[in-house]
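# Summary of structural features
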Amino acid sequence: MSFHFKDGYLYCEELKIKDIQEQVPESPFYLYSLDQITSNYKAYESALEGIESIIGYAIKANNNLTILKHLRELGSGAVLVSGNELRMALAAGFDLKRAVLNGNGKTLGELILAVQHGVMINIDSEFDLEHIQQAAKEVGKVADVLIRINPDVDPEVHPYVSTGIKNSKFGIRNERLKWFLDQIKTEPLLDLIGVHCHLGSTIKKVRIFRDATVLMMEFIETIRNEGFDLKYLNIGGGLGIDYEKTGEYIPTPSHLIDSIGDVLPDDVELIIEPGRSIIGNAAVFVNRVTGVKTNGNKHFIVIDGSMAELIRPSLYDTYQHIDFIEPVDGEVKTYDVVGPVCESADFLGKDRPLPTPHEGAGLIVYDAGAYCYAMSSNYNLKMRPPEYLVDGDRLIQIRRAETFEGYMRLFEV
């Protein structure tokens, strides 16, 4: 395991995290394991062996440039949801012909950039199709497009991360497919090369992927009967990870691919868009305890990290496991772990049985690699924290902390 306890102390690979905390000048900070990132990617690579495929890492999950370069070196493609993510993929050296641009509100400028670089583009709506046509004409180049179909499959997850059901803002309605095909036929600068669906995030039942794949194969047959030569089936991403640390069954990439393998024809190349399951469990969020307090029947551990640095628990009311990085032998009580932000929603965990810590004790939030730093903010003028990476016995800083001086320079106009 990349994160493991030894003699009461938590390690990341070969380094004791308490030693790292005492070595670096900042708190809180994010800490990543290079070995865990590599293992997670290779699990997909192994599962897809023998299947024509593109593993498209979803940059929205974590956009750190060092991490992106490492995934590109491993062979990953890229999945993008903005023009700046496209620029970041360029900076990381990705082959943009193995990249997909998603999104329900892509701007004309973003689409022009995508066409220029040969990125595959998902058609999400009537106006999106019109804008892609405009971009292709502006560039004077054929745009490779996929149709994002909303299959109306319930992924059984939090509604905020459910994207493949009927009332989602993403994708086209099934009954509108013929209209889109007719429009594409009239435009020589559009080449329809595939179909796409994305069901949601934190999915823990692979039958959901299978149900969607069966439906998508029916759409592929319908579209081919209209005269289109489709090459790609993009089934999105969304595989969950073990946030709860309860030992419950969590499907692996092999489980996912095995569940759909028998319905994939040889003449379709599979695109899959993992983000969370590649980077989520590869990081922890490292904090110091500021103090302990009691209000009535409620006990609180107050730390220096907050919802400004890690908003998932308060935004989605989700669970991320919390523990200390060093021995703490105080009385065990049921605590809410909270930050200093002036907001009742500022919590990292609620109702956690934890030993009462001493001031300055090191405390971590597990599984902080995906949608944590990427969603951080300057609320209460908290500065975004630094990021560090462990490679065996080496500690590498991969993002500097924001500073107040740097923030103030944004107002120098």
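Thresholds, definitions, all that
- Residues numbered from 1 in each chain as written.
- Predicted model: local features only at pLDDT ≥ 70, side-chain atom pairs only at ≥ 80, totals over all residues.
- Heavy atoms only, no water.
- Pairing = 2+ DSSP bridges.
- Helix = DSSP H or I, 4+ residues; strand = E, 2+ residues; numbered from the N terminus.
- Salt bridge = Lys/Arg side-chain N within 4 Å of Asp/Glu carboxyl O.
- Buried < 20%, exposed > 50% of the residue type's maximum accessible area, 1.4 Å probe, protein only.
- Core = buried A, V, L, I, M, F, W, Y, C linked by side-chain atoms within 4.5 Å.
- Contact = heavy atoms within 4.5 Å.
- Disulfide = S-S within 2.5 Å.
- Axes fitted to C-alpha atoms, helices over the stretch in contact; angles between N-to-C directions.
- pLDDT = per-residue confidence, 0-100.
- Polar contact = N/O pair within 3.5 Å; in protein donor to acceptor, adjacent residues only side chain to side chain.

Once that is clear, we can look at the pairing of strand S14 (residues 298-303). A regular strand places its side chains on the two faces of the sheet in alternate fashion. With six bridges joining them, strand S13 (residues 283-295) and S14 adopt antiparallel strand pairing. Residue pairing in the sheet places Gly291 in a bridge with Val302 of S14. Taking the residues that link successive antiparallel strands as the turn, the S13-S14 hairpin has two residues, and the phi of Gly296 there is positive, at about 65 degrees. Bridging between S14 and strand S16 (residues 332-338) involves four bridges; their strand directions are parallel.

A few words on unusual backbone geometry. Going from Ser27 to Pro28, the amide bond is cis rather than trans, its omega being 0 degrees. Within the secondary structure layout, Pro28 lies in the loop between helix H1 (17-23) and strand S4 (29-33). Positive phi is not limited to glycine here, since Asp7 has a value of about 55 degrees. Along the chain, the position of Asp7 falls in the loop between strand S1 (3-6) and strand S2 (9-12).

Here we take up the pattern of salt bridges. For the coordinates displayed, the defined rule picks out 19 salt bridges. Notably, a salt bridge pairs Lys382 with Glu309, separated by 3.0 Å at the nearest N-O pair. Taken together, the positions of Lys382 in the loop between strand S18 (362-365) and strand S19 (387-391) and Glu309 in the loop between S14 and helix H11 (312-316) put the pair 73 residues apart, joining distant regions of the chain. Grouping residues by exposure puts Lys382 and Glu309 together as buried.

It is characteristic of soluble globular proteins that their nonpolar side chains tend to be buried jointly. Judged by nonpolar contacts, the single largest core of 99 residues is most densely connected at Ile147 and Leu233. Among the elements that line this core, the one with the most residues is helix H8 (residues 206-225), at nine residues. Those residues in contact with Ile147 that lie beyond four places of it in its chain are Asn122, Ile123, Ile172, Leu177, Phe180, Leu181, Ile184, Leu192, Gly194, Val195 and His196. Grouped together as the second largest cluster of nonpolar side chains are 16 residues, Phe29, Leu31, Val284 and Tyr388 included.

Strands pair in a sheet through their backbones, by hydrogen bonds, and they do so in one of two ways: parallel or antiparallel. Within the open sheet, the three strands sit side by side as S1-S2-S3. Their pairing is antiparallel. Of all strands in the sheet, those with a lone pairing partner are S1 and strand S3 (15-16), marking the two edges. Inspection of the sheet shows S1 paired to S2 by four bridges, in the antiparallel sense. Across the sheet, residue Phe5 finds its bridge partner in S2, namely Leu10.

Below, the discussion takes up the environment of Leu192. With respect to the element layout, Leu192 can be found in strand S10 (residues 190-196). Each C-alpha atom of the pair Leu192 and Ile132 lies 12 Å from the other, and the pair is 60 residues apart in sequence. In contact with Leu192, not counting residues within four places along its chain, are Val145, Leu146, Ile147, Leu181, Ile184, Ile223, Phe228, Asp229 and Leu230.

It is worth spelling out the state of the cysteines at this point. Enumeration according to the criterion identifies zero disulfides in this entry. Counting only cysteine sulfurs, Cys12 is the nearest neighbor of Cys372, a cysteine outside any disulfide, at a range of 16 Å.

A barrel is described by the order of its strands in space; here eight strands give the closed sequence S5-S6-S7-S8-S9-S10-S11-S12, paired in parallel fashion. Along the sheet, successive strands turn relative to each other by an average axial angle of 30 degrees, direction set aside. Note that strand S6 (residues 77-80) and strand S7 (residues 99-101) share three bridges and pair parallel. Bridge assignment links Ala78 to a residue of S7, and that residue is Ala99. Across the sheet, H8 lies against S10 and strand S11 (232-234), angled at about 155 degrees from S10, the strand it touches most.

Let us look at the confidence of the model for the protein chain. Taken residue by residue, the protein chain gives an average pLDDT of 92. The fraction at 70 or more is 95%. Segment residues 154-166 is flagged for pLDDT under 50; beyond a separation of four residues in sequence, or across chains, it makes 43 contacts in the model.

Next up on the list: the side chain of Glu326. In this structure, Glu326 sits in the loop between strand S15 (322-324) and S16. For Glu326, a relative accessible area of 11% translates into the label buried. Within the structure, Glu326 has its side chain in polar contact with the side chain of His358 (distance 3.5 Å). Leave out the neighbours within four places in its chain, and Glu326 touches Gly8, Tyr9, Lys18, His358, Gly360, Ala361 and Gly362.

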